[in-house]
Amino acid sequence: SPEEWAADKATLNTPFPNLPYLKVGDKTLTESEAIAYFLVFHANRTDLFGANNDERVQATAVRGVISDLSRDVSGFLWDASKHAEQAKYFEEKVNPRLARLNAFAAGKKHIIGDNLNLVDFALYQTLYIIGRADPKAFDNYPNLQNIINNFNAIPQINAYHASDAFK
């Protein structure tokens, strides 16, 4: 509840209290991306940033596109006055970015290549939200649908989706 969050927020020892947060020992980490980076470092899985510098740079560029797409989708979902014009909004704002991502994803298992990358998690989160808003959103973007299918096929992701925690 908002009241519980207000009380919890006051106890966090961090300059940026926010949801989500992760407490590790006496530290509190906030911001989704910072938490993800921490987990990558903590698990010693820096390969999730990319197998080489070229992949890391590509991942950073794609992350920027995902941020723009996420901002556009969030702007739509949080503004009820735009809901009546969803088709037009998607056509003007969302679909052009999906088309570029779809072209970039051609022939790839994951968005950067054959190996899972941290940016795949951000992409999946954004595409999941889009798919919930418009179940036919990826009908014209088969490469993105392939990326979604490959992400869902990861055993740990598949198990999470089958769990009560996901539902």
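This write-up is about the structure you can find in this document.

## What to know about the packing of aromatic side chains
The tally for this structure, following the rule as stated, stands at nine aromatic pairs. For the ring pair tyrosine 37 and phenylalanine 41, a centre distance of 6.5 Å and an interplane angle of 70° mean the geometry is edge-to-face. Of this pair, tyrosine 37 and phenylalanine 41 both sit in helix α2 (residues 32–42), four residues apart, which is roughly one turn of that helix. A connected cluster of aromatic rings, assembled from ring pairs, spans Phe121, Tyr124, Tyr128, Phe151, Tyr160 and Phe166. When the ring centre of phenylalanine 104 is taken as reference, the NZ or CZ atom of lysine 108 above it lies at 3.3 Å.

## A look at the pattern of salt bridges
Tallying each qualifying case throughout the model produces six salt bridges. Its salt-bridge partner being arginine 45, residue aspartate 47 comes within 2.8 Å of it at the nearest N-O pair. Residue classification places arginine 45 among the partly exposed residues on the basis of a relative accessible area of 38%. One salt bridge connects aspartate 72 with arginine 97, and the closest N-O pair in it is separated by 2.7 Å. Of this pair, aspartate 72 sits in helix α3 (residues 53–77) while arginine 97 sits in helix α4 (residues 86–104), placing them 25 residues apart in sequence. With respect to burial, aspartate 72 and arginine 97 carry one shared label: buried. Connected through shared salt-bridge partners, Asp68, Arg71, Asp72 and Arg97 make up one network.

## Structural notes on unusual backbone geometry
Proline 20 follows leucine 19 through a cis peptide bond whose omega is -5°. Relative to the helices and strands, proline 20 resides in the loop between α1 (2–11) and β1 (21–24). Within the chain, glutamate 31 stands out as a residue other than glycine whose phi angle is a positive 80°. Among the structural elements, glutamate 31 can be located in the loop between β2 (27–30) and α2. Given a relative accessible area of 37%, glutamate 31 falls into the partly exposed group. Phi at asparagine 44 is positive, roughly 55°, even though this residue is not glycine. With respect to the helices and strands, the residue asparagine 44 is situated in the loop between α2 and α3. A relative accessible area of 65% means that asparagine 44 is categorised as exposed.

Basis of the calculations
- Residues numbered from 1 in each chain as written.
- Predicted model: local features only at pLDDT ≥ 70, side-chain atom pairs only at ≥ 80, totals over all residues.
- Heavy atoms only, no water.
- Phe/Tyr/Trp six-rings, centres within 6.5 Å; stacked < 30°, edge-to-face > 60°.
- Helix = DSSP H or I, 4+ residues; strand = E, 2+ residues; numbered from the N terminus.
- Lys NZ or Arg CZ within 6 Å of the ring centre and 35° of its normal.
- Salt bridge = Lys/Arg side-chain N within 4 Å of Asp/Glu carboxyl O.
- Buried < 20%, exposed > 50% of the residue type's maximum accessible area, 1.4 Å probe, protein only.

None of the figures reported here should be taken as evidence of function without further support.
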